Amino acid sequence: MRYLITLVSLSLLCPVHHDLLAADWPQWRGLDGQGHAQGAGYPLKWSETEGVIWKTEIPGRGWSSPVIWKNQIWLTMAIEIASSLERAAERMKANKSDQPLTLLDEVKLHVVCLDRESGRVLQDIEVLTERDPQWVHKLNSYASPSPVIEDGHLYAHFGTFGTVCVDTTTNKVLWKNTDLKLMHENGPGSSTYLAGAHVIFNGDGSDVQFVVALDKTTGKVAWKTPRTGAMHDNVQFKKNYGTPLLVDMNGKSTLVSNGADWVYGYEPATGKELWKRSYGMLGFSLSS
């Protein structure tokens, strides 16, 4: 039996109006995390020629959103290396579970920087390598979580495969954290959120469920809080792919995070759970 993994090229499209390119876009859904863009006059239609000022092919595969800081556009992508026919046959023979079997020997995770004005690739940096990686859903990728950027630093998250910080001036990897493991079932999807001194993200797998904050200077865990809401016995209903968000609630800064079956509020500095509310019905594999 023959196995083939196709590497899909990504095309990055930018608005045609140059005056709108002045604003930064530091994280998934923009400055406030709510999907609000400053200004007006954005193009509403695109084609191969309409509404596009440049188009750049990016090798690899990744569904993450790009982030923008000044003249730099950063995104993540994954290079998938398929198993040989012999090794694929061995792994299929050894597989005793009913779980899907990945036929990848390795996945190489990259961050890529492009020039905002021209689309020229400025940097292509391999930041993590994973041998025998978990499978991902055919509609997902190994580089789906969107990174977050601030002046001088990019924080790129790849779910169970790890989180890294890159100096956007020297292009050096400053730290890596690959200790926070979980079973995604369908691959990573939750993006990061930058709150003060912390890089925060959800870790809602079928095996473990938590919210965690990394010290943005060192990459070490500052706090990690398990989910406390009761969930369905079926492990497939415990996974989730949401992204936390800082919200002002009655004058108090609260980290709002949706997990499977519950939405939670946490103290952003300590991870202390402040409240939780049940959806009132089965809710899993959600994104936000």
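Residues numbered from 1 in each chain as written. Predicted model: local features only at pLDDT ≥ 70, side-chain atom pairs only at ≥ 80, totals over all residues. Heavy atoms only, no water.

### Description of the sheet that holds strand β8 (residues 153-157)
Paired through their backbone hydrogen bonds, the strands of a sheet run either parallel or antiparallel.
Okay, step 1: Taking strand neighbours across the sheet as the criterion, the four strands line up as β7-β8-β9-β10 in an open arrangement whose pairing is antiparallel. Looking at which strands have only one partner, the edges of the open sheet turn out to be β7 (148-150) and β10 (173-177). When strand polarity is set aside, the average angle formed by the axes of neighbouring strands in this sheet is 10 degrees.
Okay, step 2: Here strand β9 (residues 163-167) runs beside β10; their pairing, made up of four bridges, is antiparallel. Bridging from a neighbouring strand, V164 pairs with K176 of β10. (Pairing = 2+ DSSP bridges. Helix = DSSP H or I, 4+ residues; strand = E, 2+ residues; numbered from the N terminus. Axes fitted to C-alpha atoms, helices over the stretch in contact; angles between N-to-C directions.)

### Digging into the packing of aromatic side chains
Okay, step 1: Under the counting rule described, the total for this entry stands at four aromatic pairs.
Okay, step 2: Arranged with centres 5.6 Å apart and planes meeting at 50 degrees, the rings of Y142 and F161 form a pair that is tilted. With Y142 in the loop between β6 (121-131) and β7 and F161 in the loop between β8 and β9, this residue pair connects regions lying 19 residues apart in the sequence.
Okay, step 3: Relative accessible area serves as the criterion here: at 2%, Y142 is assigned to the buried category.
Okay, step 4: With a centroid separation of 6.3 Å and an interplanar angle of 35 degrees, the aromatic rings of Y155 and W175 are classed as tilted. Placement of Y155 in strand β8 and of W175 in strand β10 is noted, with a sequence separation of 20 residues between them.
Okay, step 5: Here the basic side chain of K224 rests over the ring of F210, its NZ or CZ set 4.5 Å away from the ring centre. (Phe/Tyr/Trp six-rings, centres within 6.5 Å; stacked < 30°, edge-to-face > 60°. Buried < 20%, exposed > 50% of the residue type's maximum accessible area, 1.4 Å probe, protein only. Lys NZ or Arg CZ within 6 Å of the ring centre and 35° of its normal.)

### Re the pattern of salt bridges
Okay, step 1: Considering all chains together, one arrives at nine salt bridges under this definition.
Okay, step 2: A salt bridge links R61 to E80, with the nearest nitrogen and oxygen atoms 2.8 Å apart. Residue R61 is found in the loop between β2 (57-58) and β3 (67-69), and its partner E80 is found in strand β4 (residues 72-82); the two are separated by 19 residues along the sequence. In terms of burial, R61 and E80 fall into one category: buried.
Okay, step 3: Among the ionic pairs, D204 bridges to R227, the shortest N-O distance being 2.8 Å. Taken as a pair, D204 in strand β12 (residues 198-204) and R227 in the loop between β14 (221-226) and β15 (245-249) lie far apart in primary sequence, 23 residues in all. Side by side, D204 and R227 carry an identical accessibility label, which is buried.
Okay, step 4: One continuous salt-bridge network, built from bridges that share partners, spans E106, K108, E126 and R131. (Salt bridge = Lys/Arg side-chain N within 4 Å of Asp/Glu carboxyl O.)

### What about the nonpolar core?
Okay, step 1: Within the largest apolar cluster, 21 residues are counted, with the highest numbers of intra-cluster contacts made by W74, L109, V111, V127, Y142, F158 and V166.
Okay, step 2: Listing elements by their share of this core, those giving two or more residues are β4, β5 (104-115), β6, β8 and β9.
Okay, step 3: Not counting the four nearest positions on each side in its chain, V127 is found in contact with L109, H110, V111, F158, V164, V166, V173 and K176.
Okay, step 4: V148, L180, F201 and F210 belong to the second-largest nonpolar core, a separate cluster that totals 12 residues. (Core = buried A, V, L, I, M, F, W, Y, C linked by side-chain atoms within 4.5 Å. Contact = heavy atoms within 4.5 Å.)

### What to know about the pairing of β4
Each regular strand carries side chains that alternate between the two faces of the sheet.
Okay, step 1: Of all 11 residues making up β4, eight are buried, and the element is well covered by its neighbours.
Okay, step 2: Summarising the sheet, β3 and β4 pair through three bridges and their orientation is antiparallel. Within β4, the position partnered with W69 by the bridge is Q72.
Okay, step 3: The pairing of β4 with β5 spans 11 bridges and is classified as antiparallel. Bridge pairing links A82 to L104 in β5.

### Overview of the sheet that holds β5
Okay, step 1: Read across the sheet, four strands follow the order β3-β4-β5-β6 without closing on themselves; strand pairing throughout is antiparallel. Of all the strands in the sheet, the pair left with one neighbour each is β3 and β6. If you compare each strand with its neighbour and ignore which way they point, the axes differ by 25 degrees on average.

### Quick word on the side chain of T192
Okay, step 1: Along the polypeptide, T192 turns up in the loop between β10 and β11 (193-195).
Okay, step 2: When near neighbours in sequence (up to four residues on either side) are disregarded, T192 contacts S146, P147, V148, Y155, H157, V199, I200, F201 and T243.

### Some words on the environment of T254
Okay, step 1: Tracing the backbone shows T254 in strand β16 (residues 252-258).
Okay, step 2: Sequence separation of T254 and A269 is 15 residues, and the distance between their C-alpha atoms is 9.6 Å.
Okay, step 3: Discounting chain neighbours no more than four positions away, the residues touching T254 are L245, L246, V247, M249, G265, Y266, P268, L274 and W275.

### Regarding the confidence of the model for the chain
Okay, step 1: Averaged over every residue, the pLDDT of the chain is 87; the share at 70 or more is 86%.
Okay, step 2: Confidence drops under a pLDDT of 50 for residues 1-20, and excluding neighbours within four residues, the segment shows 56 contacts in the predicted structure. (pLDDT = per-residue confidence, 0-100.)

### Thoughts on the pairing of β5
Okay, step 1: Counting buried positions along β5 gives 11 out of 12 residues, so the element sits mostly inside the fold.
Okay, step 2: Bridge analysis of β5 against β6 gives nine bridges, and the strand direction is antiparallel. Opposite H110, over in β6, you have E126 as the bridge partner.

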